[in-house]
Amino acid sequence: MAHDAPQATGPSKLVIRNIGLILSGALEKPILDGDTIVAENGKITAIGRYKDLNTEGATTIVEANGTTVAPGLIDSHVHPVAGDWTPRQNQIGWIDSNLHGGVTTMISAGEVHMPGRPRDVVGLKAMAIFAQRAFWNLRPGGVKVHAGAPVIECEMVEEDFKELAAAGVKLLGEVGLGGVKDGPTARKMVGWARKYGIQSTIHTGGPSIPGSGLIDKDVVLEADTDVVGHINGGHTALPDDQIRCICEGCKRGLEIVHNGNERSALYTLRIAREMNELHRVILGTDGPAGSGVQPLGILRMVSMLSSIGELPAEIAFCLATGNTARMRQLDCGLIEVGRAADFVIMDKAQHSPGKNILESVQLGDLPGIGMTIIDGIVRTQRSRNTPPAGKVPEVVAK
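Focus on the overall build of the protein chain
Line of reasoning, step 1. The number of helices and strands found in the protein chain is 11 helices and 20 strands.
Line of reasoning, step 2. Whereas a compact globule of 398 residues would reach a radius of gyration of roughly 21 Å, the protein chain reaches 20 Å, a difference of no more than 12%.
Line of reasoning, step 3. If one aligns the C-alpha atoms of the protein chain with their principal axes, the spans along those axes are about 60 × 45 × 35 Å.
Line of reasoning, step 4. Out of the 398 residues in the protein chain, the part that is buried amounts to 63%.
Line of reasoning, step 5. Intrachain contacts of the protein chain at a sequence separation of at least 6 include 75% that bridge at least 24 residues.
Line of reasoning, step 6. Counting only carbon and sulfur atoms, one obtains 51% of the accessible surface of the protein chain, whose full area is about 14,700 Å².

The structure is reproduced here in structure tokens:
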């Protein structure tokens, strides 16, 4: 089981050199010119050509060997409980396993699988504050788990949201998983949350677990949450006309998840492209869930949207990185100076017919992950979950 990951104890300088391709995570410029990235004390300080950068004094040098460096992937929709264990599948090590799928940051959509989860106001607030504290202290494998997302109940008042925010809670669990399932009540509470800087997500589609229910377009639009959670259903999606109505009727985030309806995912992508609003699309797994744990769920979403959705691979990776970072107000997800030094280093899988990693992904193949880095610290090397990469990076000095 992955417990607390080691943190930097003194000044550090990471140099990643001989990079073949840099994916920025930014829709406006998804590919960067350069072969070297420098990070100091966990933050990116320079991107460019090796000959032009100050690489002296490196405490860690990674020889990329012509591989691709992208921002660490972000899973916008997970349901953590306690440490690296999920009672949903009674599985240990699921977060560490996702790290081997390139995911370096996770966003909780509610700790709904907690055995005996309290529904009373005092209990649900206490659990949210506990989860927020515990996961920021724990960091399984180094993964940043933004947790502490209370599932709201009808008895809550504005003062409860003020108290949660003051305690450090920044997220709401999926609206609709608790007692609040109607538009007017949801809108009132979402407004209170927004007033105190708490970001909200809503369950969309048919029921996924006992206690949830149908949340249709009318409730979604009236609630006006910051993110339309799993717009492609989790698993059961809304009809196409309702999905289109949501996409066109609000300007909030459109979250597509692995544990949803794949056809509806592609339909949502098509509408977002028609509207020229790809920046609204973010990706999650909605795991752990009844369908299990999906360590490669985000990579599979990127590959599916690129291949079947005919989206350039470099753009598809933005949906799993920069789009989410900007929408969720995170300091990672983009390769730019000042951002967290969170990276996934990968290459096309061995024997993929694609000529390079981008063509390989557009053909529907998953890349092979050779290394993950969080806060400038190498966390994993060759992935135990992805196919082997054609080329792999290596740590040559530390």
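Let's pick the thread back up.
Some thoughts on the environment of Thr386
Line of reasoning, step 1. Along the chain, Thr386 falls in the loop between strand 19 (377–380) and strand 20 (394–397).
Line of reasoning, step 2. Assessed through its relative accessible area of 9%, Thr386 is described here as buried.
Line of reasoning, step 3. On a C-alpha basis, the gap between Thr386 and Val157 in space is 46 Å, while along the polypeptide they are 229 residues apart.
Line of reasoning, step 4. When sequence neighbours within four positions are dropped, the list of residues in contact with Thr386 reads His100, Leu296, Leu299, Pro367, Gly368 and Ile369.
Line of reasoning, step 5. Here Ile369 takes part through its backbone nitrogen, which lies 3.0 Å from a polar atom of the side chain of Thr386.

Thoughts on unusual backbone geometry
Line of reasoning, step 1. Look at the link from Gly234 to His235: it is a cis peptide, with omega at 10°.
Line of reasoning, step 2. Inspection of the secondary structure puts His235 in the loop between strand 14 (227–228) and helix 6 (240–249).
Line of reasoning, step 3. With an omega dihedral of -5°, the bond running from Gly287 to Pro288 counts as a cis peptide bond.
Line of reasoning, step 4. With respect to the element layout, Pro288 can be found in the loop between strand 16 (281–284) and helix 8 (297–307).
Line of reasoning, step 5. With a phi close to 50°, Arg139 is a non-glycine residue in the positive phi region.
Line of reasoning, step 6. Considering the arrangement of structural elements, one finds Arg139 in the loop between helix 2 (121–138) and strand 12 (144–146).
Line of reasoning, step 7. On the basis of relative accessible area, Arg139 is assigned to the buried category, the value being 8%.
Line of reasoning, step 8. Despite not being glycine, Asn276 shows a phi value in the positive range, around 60°.

With respect to the packing of aromatic side chains
Line of reasoning, step 1. Here the structure, examined in full by the defined rule, presents one aromatic pair.
Line of reasoning, step 2. Sitting over the face of the ring of Trp136, Arg139 holds its NZ or CZ atom 5.4 Å from the ring centroid.

Some thoughts on the sheet that holds strand 11 (residues 103–108)
Line of reasoning, step 1. In space, the three strands of this open sheet follow the order 8-11-12, with parallel pairing throughout. Each of the sheet's edge strands pairs with one partner strand only, and the pair in question is strand 8 (73–78) and strand 12. Geometrically, the sheet is characterised by an average inter-axis angle of 20° between neighbouring strands, direction not taken into account.
Line of reasoning, step 2. Relative to strand 11, strand 8 runs parallel, the two sharing four bridges. Across the sheet, Leu73 pairs through a bridge with Val103, a residue of strand 11.

Concerning the side chain of His203
Line of reasoning, step 1. Checked against the element boundaries, His203 lands in the loop between strand 13 (201–202) and helix 5 (217–223).
Line of reasoning, step 2. Only 2.8 Å separates the side chain of His203 from the backbone oxygen of Gly206, close enough to count as a polar contact.
Line of reasoning, step 3. Not counting residues up to four positions away in its chain, the partners in contact with His203 are Glu174, Val175, Leu177, Ser208, Gly213, Ile215, Val220, Gly229 and His230.

Some points on the pattern of salt bridges
Line of reasoning, step 1. The full count for this structure, using the stated rule, is 26 salt bridges.
Line of reasoning, step 2. The salt bridge partner of Arg194 is Asp226, with a shortest N-O separation of 3.2 Å. A residue pair is termed long-range when its members are at least 10 positions apart, and Arg194 in helix 4 (residues 183–195) and Asp226 in the loop between helix 5 and strand 14 qualify at 32 residues.
Line of reasoning, step 3. A relative accessible area of 16% places Asp226 in the buried class.
Line of reasoning, step 4. With a closest N to O distance of 3.2 Å, Glu274 and Arg244 form a salt bridge.

As for helix 6
Line of reasoning, step 1. Within helix 6, burial applies to Gln242, Ile243, Ile246 and Cys247. One face of helix 6 carries all of its buried residues, which in axial projection span an arc of 135°. In helix 6, the exposed residues that point more than 90 degrees away from the buried face are Asp241 and Gly249.
Line of reasoning, step 2. Of the surrounding elements, those touching the buried residues of helix 6 are helix 5, strand 14, strand 15 (253–257) and helix 7 (262–274).

Observations concerning the sheet that holds strand 18 (residues 368–374)
Line of reasoning, step 1. If you walk across this open sheet you meet the six strands as 3-2-7-17-18-19, and the pairing is mixed. With partners counted over all chains shown, the strands left at the sheet margins are strand 3 (31–32) and strand 19, one partner each.
Line of reasoning, step 2. For strand 2 (residues 21–23) and strand 7 (residues 68–71), the ladder comprises two bridges, and the chain directions are parallel. Residue pairing across strands places Leu21 opposite Thr68, the latter belonging to strand 7.

Reading the values: rules and limits
Residues numbered from 1 in each chain as written. Predicted model: local features only at pLDDT ≥ 70, side-chain atom pairs only at ≥ 80, totals over all residues. Heavy atoms only, no water. Helix = DSSP H or I, 4+ residues; strand = E, 2+ residues; numbered from the N terminus. Rg over C-alpha atoms; globule rule 2.2 N^0.38 Å. Buried < 20%, exposed > 50% of the residue type's maximum accessible area, 1.4 Å probe, protein only. Contact = heavy atoms within 4.5 Å. Areas by Shrake-Rupley, 256 points an atom, 1.4 Å probe, with all protein chains shown as cover. Polar contact = N/O pair within 3.5 Å; in protein donor to acceptor, adjacent residues only side chain to side chain. Phe/Tyr/Trp six-rings, centres within 6.5 Å; stacked < 30°, edge-to-face > 60°. Lys NZ or Arg CZ within 6 Å of the ring centre and 35° of its normal. Pairing = 2+ DSSP bridges. Axes fitted to C-alpha atoms, helices over the stretch in contact; angles between N-to-C directions. Salt bridge = Lys/Arg side-chain N within 4 Å of Asp/Glu carboxyl O. Arc of directions from axis to C-beta.

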